[in-house]
Amino acid sequence: MRKEQAVARSSLAVVFAGSGGAGAMTAGELLLRAAAEAGYYGMMSRLFGPQVRGGEAAALVSISTHPVTCQPDRYDLFVALDWEKVDQFGAEIPLDETSIVLADPRQGPTPPSIAKSKARTIPFAMGHAEVTPLERALHGKHTNVFAAGAVGARAGLPSAPLQKGLAAALGSKSGAVTRTNAAELDAGIAAAAVLDLDLRLAPPQPAARWLMTGNQAVALGAMRGGVRFVGCYPITPATDLVEWMAPQLQKLGGRLALAEDELAAINMVLGASYAGAPAMTVTSGPGLSLMVETIGLGVAAEIPAVIVDVMRGGPSTGIPSKTEQSDVSIAIHGGHGDAPRIVLAPTSVRDCMFTGEWAVYLAESLQTPVIVLSDQALGQAYTVIDPKTHRPQPLARRTRLGSEPFKRYAVDSDPITPMPRPGTAGGQWVGEGLTHNETGIPVSGAAAHAAQIDKRARKIAEFDPGHLWGEAWGEGETAILTFGSGIGAAQKAAQRLAATGHPVRVVSLRVLSPLPLKALAKALDGVRRVIVMEQNHGAQLYHHLLAHRAIPVHAESFARPGPLPFRPAEIATRLA
Amino acid sequence: MMEKALTTMAKPAATAHEALAPSDFHSGATPIWCPGCGDYGVLSALEHALAAHGRPPHEVVLVSGIGCSSRLPAYTTCYGFHGVHGRALPFAAGVKMARSDLEVIAVGGDGDGYSIGGNHFVHACRRNLDMLYLVMDNRVYGMTKGQPSPTTEADWDSDIAPGGLGLRPLDPLAVALAAGATFIARGFSGRSHELADLIVEGLRWPGFAFIEVLSPCMAFRSEQFGWKESVHPALRAIDNDRAAAHAALLADDGYGLGILFKEGRAPASAASAARASLAEIEEEFAVCR
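Reading the values: rules and limits
- Residues numbered from 1 in each chain as written.
- Chains lettered and ligands numbered in written order.
- Predicted model: local features only at pLDDT ≥ 70, side-chain atom pairs only at ≥ 80, totals over all residues.
- Heavy atoms only, no water.
- Pairing = 2+ DSSP bridges.
- Helix = DSSP H or I, 4+ residues; strand = E, 2+ residues; numbered from the N terminus.
- Axes fitted to C-alpha atoms, helices over the stretch in contact; angles between N-to-C directions.
- Contact = heavy atoms within 4.5 Å.
- Phe/Tyr/Trp six-rings, centres within 6.5 Å; stacked < 30°, edge-to-face > 60°.
- Buried < 20%, exposed > 50% of the residue type's maximum accessible area, 1.4 Å probe, protein only.
- Lys NZ or Arg CZ within 6 Å of the ring centre and 35° of its normal.
- Salt bridge = Lys/Arg side-chain N within 4 Å of Asp/Glu carboxyl O.
- Parallel < 35°, antiparallel > 145°, perpendicular 65-115°, else oblique.
- Left-handed = near helix turned anticlockwise from the far one by under 90°.
- Nonpolar A, V, L, I, M, F, W, Y, C, P; charged D, E, K, R; others polar.
- Polar contact = N/O pair within 3.5 Å; in protein donor to acceptor, adjacent residues only side chain to side chain.
- Buried area = accessible area lost by both parts, 1.4 Å probe.

Asks: Explain the sheet that holds strand E18 (residues 504-509) of chain A residue by residue, including any values.
Replies: Residues and elements named next belong to chain A. Strands sit in the order E16-E18-E17-E20-E21 across an open sheet of five strands; the sheet is mixed. Each of the sheet's edge strands pairs with one partner strand only, and the pair in question is strand E16 (470-473) and strand E21 (556-559). Within this sheet the neighbouring strands show an average axis-to-axis angle of 20 degrees, counted without direction. Pairing of E16 with E18 involves four bridges; the strand directions are antiparallel. By the bridge assignment, glutamate 471 is partnered in E18 with serine 508. Relative to E18, helix H15 (residues 486-499) is tilted by about 170 degrees, and along the sheet it contacts E16, strand E17 (478-482), E18 and strand E20 (529-534). Each of E17, E18, E20 and E21 is contacted by helix H18 (residues 568-575), which is oriented at about 155 degrees to E21, the strand it contacts most.

Asks: Tell me what's going on with the packing of aromatic side chains, and back it up with residues and numbers.
Replies: One pass over the full model with this rule turns up 21 aromatic pairs over all chains. Each ring, one from tyrosine 274 of chain A and one from phenylalanine 91 of chain B, has its centre 6.0 Å from the other, and the planes form 55 degrees; the classification is tilted. You can see tyrosine 274 of chain A sitting in helix H9 (residues 262-274) and its partner phenylalanine 91 of chain B sitting in helix H2 (residues 88-98), one on each of two chains. Tyrosine 274 of chain A gets classed as buried once you look at its relative accessible area, which sits at 0%. With a centroid separation of 6.4 Å and an interplanar angle of 85 degrees, the aromatic rings of tyrosine 409 of chain A and tryptophan 429 of chain A are classed as edge-to-face. Taken together, the residues tyrosine 409 of chain A in the loop between strand E14 (382-385) and strand E15 (430-432) and tryptophan 429 of chain A in the loop between E14 and E15 connect sequence positions 20 residues apart. When its relative accessible area of 2% is taken as the criterion, tryptophan 429 of chain A is described as buried. Chaining the aromatic ring pairs together yields one cluster made of Tyr274, Tyr409 and Trp429 of chain A together with Phe81 and Phe91 of chain B. Above the ring of phenylalanine 566 of chain A, the side-chain terminus of arginine 560 of chain A is found at 4.5 Å from the ring centroid.

Asks: How would you sum up the pattern of salt bridges? Please name residues and give values.
Replies: Any two side chains of opposite charge can pair, given that their charged atoms come close. Residues and elements named next belong to chain A. Tallying each qualifying case throughout the model produces 37 salt bridges over all chains. Across the pair aspartate 240 and arginine 46 runs a salt bridge, and its minimum N-O distance is 3.7 Å. Here arginine 46 lies in strand E2 (residues 41-48) and aspartate 240 lies in helix H8 (residues 239-251), a separation of 194 residues in the sequence. According to the relative accessible area criterion, arginine 46 is partly exposed, its value standing at 23%. One salt bridge in this structure joins arginine 106 and aspartate 104, with 2.8 Å as the shortest N-O distance. Judged by its relative accessible area of 58%, arginine 106 is exposed. Given a relative accessible area of 5%, aspartate 104 falls into the buried group. It is possible to trace a salt-bridge network through shared partners that takes in Arg9, Arg74, Asp76 and Asp96.

Asks: Describe in detail the environment of alanine 519 of chain A, supporting the description with residues and values.
Replies: By the element assignment, alanine 519 of chain A lies in helix H16 (residues 517-523). Sequence separation of alanine 519 of chain A and alanine 550 of chain A is 31 residues, and the distance between their C-alpha atoms is 9.8 Å.

Asks: Got a sec to walk through the packing of helix H1 (residues 39-53) of chain B against helix H6 (residues 192-204) of chain B? Specific residues and values, please.
Replies: Residue and element names in this part refer to chain B. At their nearest, the axes of H1 and H6 sit 8 Å apart, and the two run at 50 degrees to each other. As judged from the angle between their axes, H1 and H6 are oblique. Where H1 crosses over H6, the two elements pack in a sense that is right-handed. Contacts between H1 and H6 involve Gly41, Val42, Ser44, Ala45, Leu46, His48, Ala49, Leu50, Ala52 and His53 from the former and Ser192, Leu195, Ala196, Ile199, Val200, Leu203 and Arg204 from the latter. The class makeup of the residues in the contact of H1 with H6 is eleven nonpolar, five polar and one charged.

Asks: Let's hear about the side chain of asparagine 536 of chain A: which residues, and what values?
Replies: Residue and element names in this part refer to chain A. Looking at where asparagine 536 falls in the secondary structure, it is placed in the loop between E20 and helix H17 (540-547). Residue asparagine 536 is classed as buried on the basis of its relative accessible area of 1%. In terms of polar contacts, asparagine 536 uses its side chain to reach the backbone carbonyl oxygen of glutamine 325, at 2.9 Å. A distance of 2.8 Å separates the side chain of asparagine 536 from the backbone nitrogen of alanine 539, its partner in a polar contact.

Asks: Could you give an account of the interface of chain A and chain B, naming the residues involved and the relevant values?
Replies: The extent of an interface is frequently quoted as the accessible surface area lost upon association of the parts. If you look at the interface, chain A gives 62 residues, while chain B gives 52 residues. Surface buried jointly by chain A and chain B totals about 4,800 Å² across both partners, of which 63% is contributed by carbon and sulfur atoms. Counting the surface chain A buries against chain B, the share from its top three residues, Arg255, Glu260 and Gln428 of chain A, is 13%. Here chain A and chain B share two salt bridges between them. On inspection of chain A and its partner chain B, the count reaches 25 residue pairs in polar contact (both at pLDDT 80 or more). Going through the elements one at a time, helix H1 (24-38), strand E7 (209-212), helix H7 (214-224), H8, strand E9 (255-258), H9, helix H10 (285-301) and E15 of chain A are the ones with two or more residues in the side of chain A that touches chain B. Here the element with the most residues in the side of chain A that touches chain B is H9 of chain A; it accounts for eight residues. In terms of residue class, the side of chain A that touches chain B is built from 35 nonpolar, 15 polar and twelve charged. Sheet analysis places E7 of chain A next to strand E10 (residues 286-287) of chain B, joined by two bridges and oriented antiparallel.

Here you go:
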């Protein structure tokens, strides 16, 4: 007899795991899309190694009746498509004695790395019973689709959204492949009927939503902001952003240039921007390291540019496929000389759209490079979001000449001076990286040096983000101060603590530099304990905040390296 | 509604402009170059060529890196950019890709273009954007006071490499050919009129036009004063036959002037017109409609 839960669950966390090529990601995307089509919220994170084929792969899927903004403390279900590589990531997937492992007995016993969680293993023959082993070998194994169908059915998802999810997950595969998989999905749904497993979800609240990754959201935001030129070089985990963007730019009459290296990429961006086009590059830590000289040039010559860094584990080549927040220091300070710039960080997958668009407006209006610090956890998380969101006020570049004789680098009460587009008669100017005078001629005098450094610093210092600086959430005398992909987990932890009578604020920064000191002071008003949470070993954000006296000297640092995501229970434990 | 694409400015009809004089391109800023520097001749040739080419200064963008010759943009009345060492070509590529209506010229020296910027040189030849690249080659790092560059003779004695660096000099024309350049020429700053004619040819070339200019450094390579005796018209100008061009370049003594190779290959195309709106693109994300 099936043991039904008295109350249907509000959320379900499932792992599909296997060796690379087993189809874990397809299974995860199928289930997430099906749930999204049925009206649920959800998120899928990808866990994989650096190998293109044959490594380990796991799709981490959360489905909920409410928005999902972080990875869960534990998974309800672990679906083993095979056991081949499980030891390589078993330790990074939290299971406990109430978790269920679904595994095909033909794959052998549950290995110790999973069994030690004391999770109960339910044997489940995955795959069409009528298919012989030979046919399976010839036509490929569709275990993943079968398994996703079974899990979806047990969760209460109807057949129609599951088939829709399959079609989307397969993309433009041939008719034969699609038919075989559809049959396998139906077989999985049918097999679920005899499965002693209750995953029933509470009814959803359907509404028109979007399913997208943070990388896609940044790209979309940038295009909303007017970016029509991207210069880039491939780097994990930023490549999928530009791969999605390239055809979209073509549709919009723009273009993506695949540069020979990151040095070329950022210089192409400055060139396009000098010529008058809002322009962006997209990279990760190692690429940002290569770009810092030219970012300094952009500051000195006062050229708008958006630089998106989808952070990964560092230093050096680090962990390319996994997340970390360890480029805070290089983003804020990277480069020689005094080169102040604006550094932003999206506060959620949904906010990637807003911050991406806002970054373009700030770069254009302040005529300076703006760095957007995303990370792999945001960038590669497929997430269901409510698409209706407020958008930043458009701001444009100042190009029109005034009545006074034109000096590109005039030192005036307004540090933002006109930069005419090439082609404008009478507006000729030479962008200059050497210390220059007001007309842009290189000089090496002390007065011009000080005046121009001051001009550029004032642009940044006078920048007032207003209410867009970030967000203060919740109340209480304890505050977690954090940014980026840690925010969702921090808010979840604070929610739980508040429910037990310990209110906690979560103060989230969207502007990392220049620090919004007044807004932070207000957000932290009445707070006795501040904990700065970030995913790097050196407490980079904490030291930045301390240096600017944005936090009290007794503020605590909760800094640890990636790649494991912050989870609510870990944060709650740290606060206790 | 179609979204805003990469825009160009209306190109005025050629007849709309008064005839241009070289002086229209002369800013009057005093060059930092030493007396006798070959770069003066290059600047003069460029001004004459631009006047003959007929596009006004505000439609021309001159891009450079770092080094003596890279100071050139400010000495003209054109739009310009003086960037970081070695990166003139990708910057210029960005200008051209965003604004195909502009006349784009990258300038610089042998250290800037062949050493620190060598990778960009190779890929600019491959990319074949419609632009001109003018390298003022004096076979020395002049601005840092006399170190051997990639084109310096192996036995040239200097403080940093006593007795010579002992490295085979790079042949930039052969590199350009191997990398797929479609217009390869050599000029000499001491023959400014001929150089101006070459530059006009390069400006009119529908693709990446590379002109290596022998431009002596009087401060550190005064023996280059003798180049005026060494130069001679190129033995052969080759069209479209890459194998023959390689053979000719291998036989070249490094002083043959003129267009050495041309190949009719379509330049990289400009961005196409917008054919979708952002709202249509956003449809891709919709679920649960």
